[in-house]
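# Coordinate analysis (summary)
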Amino acid sequence: MRKALLAACLGLTAWLLPQAAEAQTPKRGGHLTYMIAADGGPSLDGHRETTYAVLHATAPFYSVLIRVNPENPSSTTDFTCDLCTEMPKPSADELTWVFKIRQGVKFHDGEPLSAKDVLASWQKIVSPPAGVASARHASFGMVESVTSPDDETIVFKLKFKTMSFLPSLADPWNFIYSKKRLEQDMHWYEKNILGSGPFKLDTFTIGQSVKGVRNPDYYWPGQPYLDGFTAIFAPKQSVRVEAIRADRAAMEFRSMPPAAVEQLNKELGDKVVTQSSDWNCGNVLTPNHKVKPFDDVRVRKALFLAIDQWKGAQALSKIAVVKTVGSIVFPGSPLAATKEELEQLAGYWPDIEKSRAEARRLLKEAGQENLTFDLLNRNVDQPYLIVGTWILDEWSKIGVKATQKVVPTGPWLDAMRSGNFTVALEANCQNIVNPIADVNRWMPYNVNQENFAGFLDPTMIEIYSKLVPETDMTKARVLMRQLEKRINDEAHQLMVTFWYRQVPMRSYVKGWKISPSHYLNQDLANIWLDK
Amino acid sequence: MSTTVPTMGLPAAVDASLALRPTVWMRCLRFVRREPLGTFGLALVIVMAVTGSMAELIAPYNPTANDFSAMTEAPSWAHLLGTDQFGRDLLSRLIYGARTAMIVGLSSALVGGVIGLVLGVGSAYFGGLIDLVMQRIFDIVMAFPLIILALAVVSIFGTGVQNVIIAITIPLIPRCARVVRSSALAIREIPYVDAARACGFSHSRIILRHMVPNVMAPFLIMITASVGQAVLAEASLSYLGLGVQEPVPAWGLMLQGGAEEYASTAPWIAIFPGLAIMLSVLGVNLFGDAMRDTLDPKMRNR
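To keep things clear, this report deals only with the structure shown in the data block. Remember, it's a predicted structure, so these values are computed and weren't measured experimentally.

In this section: the packing of helix H11 (residues 216–239) of chain B against helix H14 (residues 268–295) of chain B. Residues and elements named next belong to chain B. The contact between H11 and H14 brings their axes to 9 Å, and the two run at 170°. One way to sum up the angle between H11 and H14 is to call them roughly antiparallel. Every residue of H14 that contacts H11 at Ala-217, Leu-220, Ile-221, Thr-224, Ala-225, Val-227, Gly-228, Val-231, Leu-232 and Ala-235 is listed here: Ile-277, Ser-280, Val-281, Val-284, Asn-285, Phe-287, Gly-288, Met-291, Arg-292 and Leu-295. When its residues are assigned to classes, the contact of H11 with H14 shows 14 nonpolar, 5 polar and 1 charged.

Another point: the sheet that holds strand E5 (residues 143–147) of chain A. Residue and element names in this part refer to chain A. Spatially, 3 strands are ordered E4-E6-E5 in an open sheet, and the strand pairing comes out antiparallel. Edge positions in the sheet fall to strand E4 (96–100) and E5, since each of these pairs with one other strand and no more. Taken over all neighbouring pairs, the strand axes of this sheet differ in orientation by 15° on average, direction set aside. When E5 meets strand E6 (residues 153–158), the two strands line up antiparallel, connected through 4 bridges.

We now examine the interface of chain B and chain A. Accessible area lost upon the coming together of the parts serves often as the stated size of an interface. Listed by partner, the interface residues are 17 residues for chain B and 19 residues for chain A. In total, about 1,700 Å² of surface goes out of reach between chain B and chain A, with carbon and sulfur atoms giving 57% of it. Sorting the residues of chain B by area buried against chain A places Phe-68, Phe-86 and Glu-261 of chain B first, and these three jointly supply 32% of that buried surface. Across the chain B-chain A interface, the total number found is 0 salt bridges.

A separate point is the packing of helix H2 (residues 24–34) of chain B against helix H3 (residues 36–53) of chain B. Residues and elements named next belong to chain B. At a minimum axis separation of 5 Å, H2 and H3 run at an interaxial angle of 110°. Classified by the angle between their axes, H2 and H3 sit roughly perpendicular to one another. Every residue of H3 that contacts H2 at Phe-31, Val-32, Arg-33 and Arg-34 is listed here: Pro-36, Gly-38 and Thr-39. Split into classes, the residues belonging to the contact of H2 with H3 amount to 3 nonpolar, 2 polar and 2 charged.

This paragraph deals with the packing of aromatic side chains. Under the criterion given, the structure shown has 27 aromatic pairs over all chains. Aromatic side chains Trp-122 of chain A and Phe-140 of chain A sit 5.3 Å apart centroid to centroid with 80° between the ring planes, which places their arrangement in the edge-to-face category. You can see Trp-122 of chain A sitting in helix H3 (residues 115–126) and its partner Phe-140 of chain A sitting in the loop between H3 and E5, a full 18 residues away along the chain. Each of the two residues, Trp-122 of chain A as well as Phe-140 of chain A, counts as buried. Taken together, the aromatic side chains of Tyr-34, Phe-61, Phe-199, Phe-229, Phe-253 and Trp-512 of chain A make up a single cluster linked through ring pairs. One cation-aromatic arrangement involves Lys-236 of chain A over Tyr-239 of chain B; the distance from NZ or CZ to the ring centre is 5.0 Å. The ring of Tyr-508 of chain A carries Lys-531 of chain A above its face, with NZ or CZ at 4.3 Å from the centroid.

The rules behind the values
- Residues numbered from 1 in each chain as written.
- Chains lettered and ligands numbered in written order.
- Predicted model: local features only at pLDDT ≥ 70, side-chain atom pairs only at ≥ 80, totals over all residues.
- Heavy atoms only, no water.
- Axes fitted to C-alpha atoms, helices over the stretch in contact; angles between N-to-C directions.
- Helix = DSSP H or I, 4+ residues; strand = E, 2+ residues; numbered from the N terminus.
- Parallel < 35°, antiparallel > 145°, perpendicular 65-115°, else oblique.
- Contact = heavy atoms within 4.5 Å.
- Nonpolar A, V, L, I, M, F, W, Y, C, P; charged D, E, K, R; others polar.
- Pairing = 2+ DSSP bridges.
- Buried area = accessible area lost by both parts, 1.4 Å probe.
- Salt bridge = Lys/Arg side-chain N within 4 Å of Asp/Glu carboxyl O.
- Phe/Tyr/Trp six-rings, centres within 6.5 Å; stacked < 30°, edge-to-face > 60°.
- Buried < 20%, exposed > 50% of the residue type's maximum accessible area, 1.4 Å probe, protein only.
- Lys NZ or Arg CZ within 6 Å of the ring centre and 35° of its normal.

And the structure:
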């Protein structure tokens, strides 16, 4: 009897093991439909843009030089090659990095990709010509030169060694473009898509959808697993939730608020799985320093002091994709401020009544007791409209009457880029958690073109220039606090709660792993469908 | 000494009938008796107007104040219609929302109606090329559904109460002008208009003093119909995120966002604004229908 039972157990195990193994083996084929929680971006150029509305629609078409390991996307140090052949060791002084480029890679138009294309792309990112915007230009202050001695090699020479070089290099926005196209027109990629990534463009209808089909010449063996994908733009959350519920779409890669996640889990049961992560992303209040009365530090500081971040973050986390109070550094990072340190800064005081009394005093002193203005906001529910509505109520408590001017993503970015706003609610979203690289986002506009507050601050630049090459964590932490205090003392901008990522998706979607950034791991090459 | 009132030679029967002309109250009573549905509609409109105009006195809470201790609370004695996701009292937001609906609805209908009245009568009076050109312009504008045209206008001018009023007013103009013109065409042929011309009166005097008063019946009917359309258009634009913006209390806006997201867990967030929109539009339309029945001589003797 025992022998029979044992034999039965062994037989069952022998039958189950291959089943389990088979379940984890990627299946080829199928078409992934996902939602993009926006109405499209201003252009298609990843070097220029900063919104997921562009990245989630274009990343599957492009290759990059290196990337964070797609199997370990939450890592801050695990970088792997995409177009390079192997991750290089730097020179002894850690100032020279030599990358060998894969051979046989083709752009989707059939043209071969060489190190010259990689060079042209990196030159556009690191040192864009006049009239060409590069959103990540400021991240590469450490780069002295990028050169390509031959068709297989690309060399980065640094001015100083820094911890932020590799994370910046692995930024998923650093698409490799065709040198030929860039030479014809440096703005060509703003309206066109041509890469060497896992998918080839099928159709792109601005603000509606984008379709891609498998690139048969893709250089990673066996990938992509999908035959193709369709991404649908839908700024309204209810539309996206309904699409997933009805299985018209499998997921959205950004995030959904607790109520939507709960609803999908309740209604779909095991047909949906949810991945969660802290998010290297949050809202930022940006006053336009070039517009009166926001050129007055007292007015800016009063706006920040009126906001009860501690209570607000806790309450809003029930209805929005926000969670943690933090300043310029991702909370939890060794370089982030502690709660005690945060409570010293304007906008984070623990006693909100005292904070608001000070805000009223500052407004009175500045002669702005009846301040009224428009808050420029983005037509995206989560969490822009919710955070915006909450902030307006907080301001009303110090007598500020502000209204929201809500516009789609393109006009929202255009308004900020052209300085056509008074105060804007924008976002600070980074990719790989790397505080030293991340904080360049707060630098004045003569360092970072994508800082729309319109201020100049040599003191900030001085602190930052000491911080970037600093490799001692203790000293880097001290410098980070100095930078944080400077930004807060001058009330340049205010971080308003970090977000929290929850991605519910149909359980047949496999291979994708969440990370603290909705920019990472978006080329879809390793996604497969268990249908 | 006695005083004789001159009768201007009117027959005694006519004189007696003048003495029996119904007063305003009598007319109102007759309206209530003959048009119970219209009266119900009027009552709804009055309730909406009173609550909207006296919102500060009636609303129990500040409609824009967040209360994080009362998020998505079900209807209770503290919050008769419950609260939304920000903890804002729904009843207070509905009351203030009536003001937004009234401001947008009445402003759009009145401005659009008056401009339509002048253009419609003017077009009929001058006729010829002016009439032809104006009617083709109206044809073009009317080729677009009201909400589509309003969407286009909002996307040009931007969001906000003023822009929403402009967006809704523009499509209403040709609709009113077209109806008024048809009545004015008939009036233009009546001899007293020729007589006014013969007396050398100016065009503006003939239009404003002699023609406009005679097209008031269709004009008033159009105005009431337009109020309902405007309220609905405002709610639709706000629902689409293109009308007034948070935290301004507006019924369409209340249906957006929270109402969709919490439809299963806190249905009161969607139900009450929806009811408010339905009742207000129903009220205006019932009243408008009754007005038509009362003012239209063909319908009067049903």
